[in-house]
Structures are given as C-alpha cells and as structure tokens.
Amino acid sequence: MNFFFAALGVLGVASSGPLIAATLGATSVSALAIAFWRNAIGSVVMAAPTLILEPRKFGSITAREFRWSLLAAVALALHFACFITSLQLTSVAAATALVCLQSGWIAVFQLVRGTRHRWQVLAGLGIAFGGVVAITGFDLGTSSQALTGDLLAMAGGALAGLYTLAGGKARQSMTTGTYTTLCYGMCAVLVAVLALAAGQPLAGFEPAGWLGIAAITVCAQLVGHTAFNHLLATMSPLIVSMIILLEIPGAALLAAVFLHETLPAGTYAGLGLILAGLAVVVLGQRSGRAGKRPLPPGEEPPSGRPLAELGTD
C-alpha cells in the first residue's frame, strides 16, 4: 500500500508542471488565475474538517501566528507567480528542477543565519547548484526568454524555501488544518490583488480552461501532497523526502511524453546534477540529526520539519 501512495504522490506532484504548461498553452487561463484557484479551493477543502471538528481554532489564532502565516502566504503567492510564469518561458523539465531547489535554499538560508551544516550538505549544495549552472548555461545559448524563465523558477524555489521556514514558525503552535486554511486563503487574496494589478482575469474561461484548473488542483494540491502526508505517518521522513525528489525526473518524463518536449543533452545532465545534489543535501541533514550533539544556547538546529512537507508545486 505504501508503494501505491508513493507512486500516487510522485505522479501527482510531477504532473503539476506539465498540466500548468498545457493549460496555459491551450486555453485562455492566465498564470495568476491558476495560482488563485488552486489556493482558494485548497483553503476551502482544508477549512471544512477544521470547522466541523475544531471550530474554535480559528478564533484562537494569536498575533504571532498570524504574522508568520502572513509571511508564508506572501512568499507562497510570489512563488506561484514566479513558477507558473516560468513555465511559459522555459521548459517544464528545467522549471520543475530549478523550483525544486527549495530544500537547497532552506539549507542556504540556515547557513546565512549561522547554522553549521555537515560537509555532506555543503557538497550537495555545490553539486545541485552546479546543475543550475549547466541548465542556465545551455538555456542562455538557446534564448534570453528561456534564461528569464530559469531565473524565475530559481526565484520560485527560494520563495518556496522562505514559505516553508515561515510556515514552520507558525506550525509550532497551529494545527495543520488551521494553518493551511489561513495561509492558502491569504495567498489566494494576495494573488487576486496581483492579478488585478497585472490585468490578468480570474474567470470567464472556456470549459477546457476550468478543466485544466481542476486537474492541477486535484492532482498536485490535493492528491499529490495528501499522499505524501499519509506516507509520513507510516514511513521515515528521510525515505519520503527522497521519494519526493522523483518529481524532477517525473515531470521531465511526463513533459516528454505528453508535451513532446525535447531538451539538449547538457540540460538533462543539469537535471541529474540537481537531483543528485538535493539527495546528498537530504541525506546529509538526516545523518547530521541522527548523531547531533547538544546545541549551545541561541544556536538553531537544522530544520526538523520533514522535507515532505515542503512541497508547493
């Protein structure tokens, strides 16, 4: 059964990039409309059980919890704006791999804040960002538009890392249902404001456009991440985190089969380097926590939140 949920989870999150690219390319749906509806629907879905089982949770949100949730929502809104737009400019495979660098960005943010990582984590970061250089280098030789898409996807990965760190602060005292409802809801409002400013419509699409939005929301937002959250209750976070990395080759394979996307050999090499580097980062962080020493006062440990909870695509 775990294999079934793992396959379902990988298929769900890996389908995000190809589904978004197909919807944007074949319908009148705008990038920000996709971000708005998947968050708005996700907020409603997550709110329902909390309202039924623990309705008082929403009335007990503290100012601190609200501030961290708002920061997470801002980062998530900008993440979606960057990532979804990048899929219009560069390949699905490149955009997915670059946005999946979020676990690497988290390690970088922790490093800047003074966290001492094991050498394996630093080596993994070097390998992963070597893959970034390979991908962006080949795209630079292809077109400036592809390079812009790569940079937007990288920014989306960094914003996803910030979203995760802020969400981790909020989740210290909030339930999953309360936090996700608040965060997704505020994110939807922020995206609506961005859409209004950019002149991108949020409605009035043809049936195929609404079908695409529904497929993206169900496959990536609800099925994919729900499957991984289920696996966290039955498998080690390390194994789940490694399984999630299969989103990178999974998205490339789906784009090749259904969108007929072909890439230079050097780009595939870059994808491989990112995948290998992130795997080393995950393994280095886990092994470091397994034998960690007591921390001096004031020193923060590496993020203890399972990487399986970091998904945003």
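All figures in this text were calculated on a predicted structure; none of them were measured in a lab. Counting from 1, residues in each chain are numbered in the order their sequence is written. Where totals are concerned, whole chains, interfaces and linings use all residues; where local detail is concerned, this predicted model gives features only for residues with pLDDT of at least 70, and gives and counts side-chain atom pairs only at 80 or more. The side-chain values count all of the structure's non-hydrogen atoms but skip hydrogen atoms and water molecules.

Draft legend 1. Structural detail: the overall build of the protein. Strands are runs of DSSP state E lasting at least two residues, helices are runs of H or I lasting at least four, and both sets are numbered from the N terminus onward. Of regular secondary structure, the protein possesses 13 helices and 0 strands. In sequence order, the protein lays out its α and β elements as α-α-α-α-α-α-α-α-α-α-α-α-α. Classification of residues uses two cut-offs on accessible area relative to the type maximum, computed with a 1.4 Å probe and protein chains only: under 20% is buried, over 50% is exposed, and between them is partly exposed. Burial analysis of the protein (313 residues in total) assigns 50% to the buried set. Expressed as a percentage of contacts within the protein between residues at least 6 apart in sequence, the contacts between residues at least 24 apart total 84%. Accessible surface, the protein: about 13500 Å² in total, of which carbon and sulfur atoms supply 72%. When checking whether two residues touch, look at their non-hydrogen atoms; a contact exists if any pair is within 4.5 Å. Accessible areas in this description were obtained via Shrake-Rupley with a 1.4 Å probe; residue shielding takes into account the shown protein chains only.

Draft legend 2. Fine view of a nonpolar patch on the surface. Taken together, the side chains of Phe66, Leu70, Val74, Leu78 and Leu194 present a nonpolar region at the surface, about 350 Å² in accessible area. Of all the elements, helix 4 (residues 63-86) adds the most residues to the nonpolar patch, at 4 residues. Relative to the helices and strands, Leu78 resides in helix 4. Overall, Leu78 belongs to the partly exposed group, its relative accessible area being 36%. Two joining distances apply to patches: 9 Å for like charges and 5 Å for nonpolar side chains (Val, Leu, Ile, Met, Phe, Trp, Tyr), and every residue must have over 30% relative accessible area and no salt bridge. Each reported salt bridge corresponds to a side-chain nitrogen of Lys or Arg within 4 Å of a carboxyl oxygen of Asp or Glu.

Draft legend 3. View of the packing of aromatic side chains. Between 30 and 60 degrees the pair is tilted, below 30 it is stacked and above 60 it is edge-to-face, where a pair is any two Phe, Tyr or Trp rings, Trp via its six-membered ring, whose centres lie within 6.5 Å. Enumeration according to the criterion identifies 6 aromatic pairs in this entry. Seen from their ring centres, Trp105 and Phe129 are 5.4 Å apart, and the 75 degrees between their planes marks the pair as edge-to-face. Note that Trp105 is positioned in helix 6 (residues 102-112) and Phe129 in helix 7 (residues 119-142), a separation of 24 residues in sequence. Residue classification places Phe129 among the partly exposed residues on the basis of a relative accessible area of 22%. Geometrically, the ring pair formed by Phe205 and Trp210 is tilted, given 5.4 Å between the ring centres and 55 degrees between the ring planes. Owing to a relative accessible area of 9%, Phe205 belongs among the buried residues under this scheme. Pairwise contacts between aromatic rings join Phe36, Trp37, Phe205 and Trp210 into one cluster.

Draft legend 4. Molecular detail of the environment of Asp139. With respect to the secondary-structure elements, Asp139 resides in helix 7. Under the relative-accessibility criterion, Asp139 is labelled buried at 8%. Once the C-alpha coordinates of Asp139 and Thr90 are considered, the two residues, 49 residues apart in sequence, prove to be 8.1 Å apart.

Draft legend 5. Examining the side chain of Thr27 more closely. Along the chain, Thr27 turns up in the loop between helix 2 (16-26) and helix 3 (31-53). In protein, a polar contact requires one atom able to donate a hydrogen and another able to accept it; more generally it is a pair of N or O atoms within 3.5 Å, and residues adjacent in sequence count only if both atoms are side-chain atoms. In terms of polar contacts, Thr27 uses its side chain to reach the backbone carbonyl oxygen of Thr23, at 2.5 Å. Sequence-distant contacts of Thr27, that is, excluding residues within four places in its chain, are made with Glu206, Ala208 and Gly209.

Draft legend 6. Structural view of the confidence of the model for the protein. The predicted model of the protein has a mean per-residue pLDDT of 86, with 90% of residues at 70 or higher. Per-residue confidence from the predictor is given as pLDDT, running between 0 and 100. Note on residues 291-311: pLDDT under 50 across the span, and 39 contacts to partners over four residues away in sequence or across chains.

Draft legend 7. How the structure looks around the nonpolar core. Note on terminology: a nonpolar core comprises buried Ala, Val, Leu, Ile, Met, Phe, Trp, Tyr and Cys residues joined through side-chain atoms within 4.5 Å. Ranked by internal contacts, the top residues of the largest apolar core, which has 63 residues, are Ile20, Ile34, Ile84, Leu98, Leu101, Tyr163 and Ile274. Counting 9 residues, the second largest nonpolar core, distinct from the first, contains Ala6, Val13, Leu231 and Val240.

Draft legend 8. Highlighting the environment of Thr142. Topologically, Thr142 is positioned in helix 7. Note on Thr142: relative accessible area 56%, which makes it exposed. C-alpha separation for the pair Thr142 and Pro264, spaced 122 residues apart in sequence, amounts to 9.8 Å.

Draft legend 9. Summary view of the packing of helix 2 against helix 3. Each axis is a line fitted through C-alpha atoms, and for a helix only the stretch in contact is used; angles between axes span 0 to 180 degrees, taken between their N-to-C directions. Running from amino to carboxyl end, helix 2 crosses helix 3 at an angle of 130 degrees, the nearest separation of the two axes being 10 Å. The angle between the axes of helix 2 and helix 3 places the two elements in the oblique class. Seen along the crossing, helix 2 lies across helix 3 with a hand that is right-handed. Contact residues: Ser16, Ile20, Thr23 and Leu24 in helix 2; Ala31, Ile34 and Arg38 in helix 3. Here the term charged refers only to Asp, Glu, Lys and Arg, the term nonpolar to Ala, Val, Leu, Ile, Met, Phe, Trp, Tyr, Cys and Pro, and the term polar to all other amino acids, Gly among them. When grouped by side-chain class, the residues that make up the contact of helix 2 with helix 3 number 4 nonpolar, 2 polar and 1 charged. In this scheme, roughly parallel covers angles under 35 degrees and roughly antiparallel covers those over 145, while 65 to 115 is roughly perpendicular and the rest are oblique. Left-handed describes a crossing whose near helix is turned anticlockwise from the far helix by less than a right angle; the clockwise case is right-handed.

Draft legend 10. Region of the structure containing unusual backbone geometry. Its identity as a non-glycine residue notwithstanding, His260 has a phi of 55 degrees, on the positive side. Examined against the element boundaries, His260 turns out to sit in the loop between helix 12 (247-258) and helix 13 (265-290).

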